[in-house]
Amino acid sequence: MQSRKIWAVAVTTTAFVLSVAALARDLSVVSWGGAYQDAQREVYFKPFMEKTKTPMTEENWDGGVGTLRAKVQGGNNNWDVVQVESEELLLGCEEGLYEKLDWAKLGGKDKYLPDAVNDCGVGAIVYSFILAYDGDKIKADAPKSWVDFWNTQKWPGKRALRKGPKTTLEIALMADGVAPKDVYKTLGTNEGVERAFKKLDQLKPNLVWWEKGSQPPQLLASGEVAMTDAYNGRIAAANDKDKKNFKIVWTNNLYTVDSWVIMKGSPNKAQAETFLVFVNDPQNQKNLPPKIPYGPTAKASTPLIDKSVLPNLATAPQNMASALPINDKFWLENLDKLSQRFNAWVAK
């Protein structure tokens, strides 16, 4: 009997040790990979580990609130800090997938751009979806708008768009002549949705889909497509690092903010909060745009940025002039419905 008690205690102790070991893991930070995460590693991740002596691992993902939902609800979440898009922020916060932030620790909400403030997330970058083409392949009389993106007679070749309804439907409507200020009003009607898909029908034989931010520069470089939509920073990074001559058309770019969130129940919440303080320090944020031109979210960062970089940011006045701010609330309400419609259309 005594030996059984000792065995039971040993098993219990082993289970406890294993459970503690599972919790005692390094801080995990998840972003978007590619040139962007390369820049983050240099500007944020390595300096953070050196300064705070916090062990940290990094991963990358392709987005989708379903991935985060499965991790939290399945009880097997191994991520602490994740960079998310705007609708992932709103949906996940609504569903309780993230920790609520202590804004006092982050310097107060007034420290940030209004679009960078949420109960569950703090802005990471300001960026745009832009039209891009290879200046070595299209030289004279280059495309100037989404209308031109559809003109495969004047500019032969395939086109690439991000696989999903968000940004793709807005681009289709602007290509069909809808003014940026009227895009979501139009897309909020059945007739507007039909109009967007009818416009996409025109381009469907020439469409290639991308899912990772690293793909558009690769598609342009290989010549597989003549034009693509893309994250502005990925195109600029390809020009800088790979010596490409890719051109950006800012007309009617789609502007948005990505945010950092802390996953619900993170065993590393304290370290995660320290990480968010570090990456939102203006003295640190100012170092990201020279590496990859995404705008900062802390107001005090912009005056510190190298002036030569400012015209390449989504927040530059000339780039904002005709921009369409992506409507987070619209996608919170319509993402599931329009994703089903989009996926069915792609499969046809």
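Please read all numbers here as calculations on a predicted model, not as lab measurements.

### A word on the pattern of salt bridges
When their charged atoms lie close together, side chains carrying opposite charge are able to pair.
Here comes step 1: Enumeration over the complete set of coordinates arrives at 19 salt bridges.
Here comes step 2: Arginine 25 is the partner of aspartate 80 in a salt bridge, and the nearest nitrogen-oxygen pair spans 2.7 Å. One end of the pair, aspartate 80, is in the loop between helix H3 (65-73) and strand S3 (81-84); the other, arginine 25, is in the loop between helix H1 (2-23) and strand S1 (27-31), with 55 residues separating them in the sequence.
Here comes step 3: For aspartate 80, a relative accessible area of 0% translates into the label buried.
Here comes step 4: Of the residues examined, arginine 25 reaches a relative accessible area of 21% and is grouped as partly exposed.

### Observations regarding the state of the cysteines
Here comes step 1: Scanning all chains against the criterion turns up one disulfide.
Here comes step 2: Residue pairing for cysteine 93: its cysteine sulfur links by disulfide to cysteine 120, the two sulfurs lying 2.0 Å apart. Note on the cysteine 93 and cysteine 120 pair: the S-S dihedral is about 65 degrees, so by sign convention the disulfide is right-handed. In this pair, cysteine 93 sits in helix H4 (residues 86-95) while cysteine 120 sits in the loop between H4 and strand S4 (121-134), placing the two residues 27 residues apart along the sequence. The same class applies to cysteine 93 as to cysteine 120, namely buried.

### Describing the packing of helix H2 (residues 34-52) against helix H10 (residues 232-241)
Here comes step 1: For the pair H2 and H10, the least separation of the axes is 9 Å and the interaxial angle reads 75 degrees. By the angle between their directions, the pair H2 and H10 is classed as roughly perpendicular. Residue-level contacts link Gly34, Ala35, Tyr36 and Asp38 of H2 to Arg234, Ala237 and Lys241 of H10.
Here comes step 2: Its residues placed into classes, the contact of H2 with H10 shows three nonpolar, one polar and three charged.

### Things to note about helix H8 (residues 190-203)
Here comes step 1: Taking 1.5 Å of rise per residue, 14 residues should cover 20 Å, and H8 covers 21 Å from first to last C-alpha, within 8% of that figure.
Here comes step 2: All buried positions along H8 are accounted for by Gly192, Val193, Ala196, Phe197, Lys199, Leu200 and Leu203. Buried residues of H8, viewed axially, fall in a sector of 155 degrees; they line one side. Exposed positions of H8 whose direction lies more than 90 degrees from the buried face are Asn190, Glu191, Lys198 and Gln202.
Here comes step 3: On its buried face, H8 sits against helix H5 (146-149), strand S5 (159-162), helix H6 (168-175), helix H7 (183-187), strand S6 (207-210) and helix H14 (328-347).

### Points about the packing of aromatic side chains
Here comes step 1: The final tally for this structure, using the stated rule, is 21 aromatic pairs.
Here comes step 2: With 6.2 Å between their ring centres and 35 degrees between their planes, phenylalanine 342 and tryptophan 345 make a pair best called tilted. With phenylalanine 342 and tryptophan 345 both in helix H14 and three residues apart, the pair spans about one turn of that helix. In this pair, the class of phenylalanine 342 matches that of tryptophan 345, namely buried.
Here comes step 3: Members of the aromatic cluster, joined through ring pairs, are Tyr36, Tyr127, Phe129, Trp210, Tyr231 and Tyr294.

### Remarks on the domain arrangement of the protein
Here comes step 1: The domain boundaries assigned to the protein delineate domain 1 (21-126 + 257-312) and domain 2 (127-256 + 321-347).
Here comes step 2: Spacing between the C-alpha centres of domain 1 and domain 2 amounts to 26 Å.
Here comes step 3: With 22 residues of domain 1 at the contact, the number on the domain 2 side is 19 residues.
Here comes step 4: Roughly 1900 Å² is buried in total at the junction of domain 1 and domain 2, and carbon and sulfur atoms are behind 52% of that figure.
Here comes step 5: In this structure, aspartate 62 and lysine 212 form a salt bridge, with 3.1 Å as the shortest nitrogen-oxygen distance.
Here comes step 6: Elements that contribute at least two residues to the side of domain 1 that touches domain 2 include exactly H2, H4, S4 and strand S8 (246-262).
Here comes step 7: Sorting elements by how many residues they give to the side of domain 1 that touches domain 2 places H4 first, with five residues.
Here comes step 8: Its residues assigned to classes, the side of domain 1 that touches domain 2 shows 11 nonpolar, four polar and seven charged.

### Some details on the environment of tyrosine 255
Here comes step 1: By the secondary structure assignment, tyrosine 255 is in strand S8.
Here comes step 2: Leave out the neighbours within four places in its chain, and tyrosine 255 touches Asp115, Val126, Tyr127, Ser128, Ala314, Thr315, Met320, Ala323, Leu324, Pro325 and Ile326.

Rules behind the numbers
- Residues numbered from 1 in each chain as written.
- Predicted model: local features only at pLDDT ≥ 70, side-chain atom pairs only at ≥ 80, totals over all residues.
- Heavy atoms only, no water.
- Salt bridge = Lys/Arg side-chain N within 4 Å of Asp/Glu carboxyl O.
- Helix = DSSP H or I, 4+ residues; strand = E, 2+ residues; numbered from the N terminus.
- Buried < 20%, exposed > 50% of the residue type's maximum accessible area, 1.4 Å probe, protein only.
- Disulfide = S-S within 2.5 Å.
- Axes fitted to C-alpha atoms, helices over the stretch in contact; angles between N-to-C directions.
- Parallel < 35°, antiparallel > 145°, perpendicular 65-115°, else oblique.
- Contact = heavy atoms within 4.5 Å.
- Nonpolar A, V, L, I, M, F, W, Y, C, P; charged D, E, K, R; others polar.
- Expected span 1.5 Å × (residues − 1).
- Arc of directions from axis to C-beta.
- Phe/Tyr/Trp six-rings, centres within 6.5 Å; stacked < 30°, edge-to-face > 60°.
- Domains from an automatic or database assignment.
- Buried area = accessible area lost by both parts, 1.4 Å probe.

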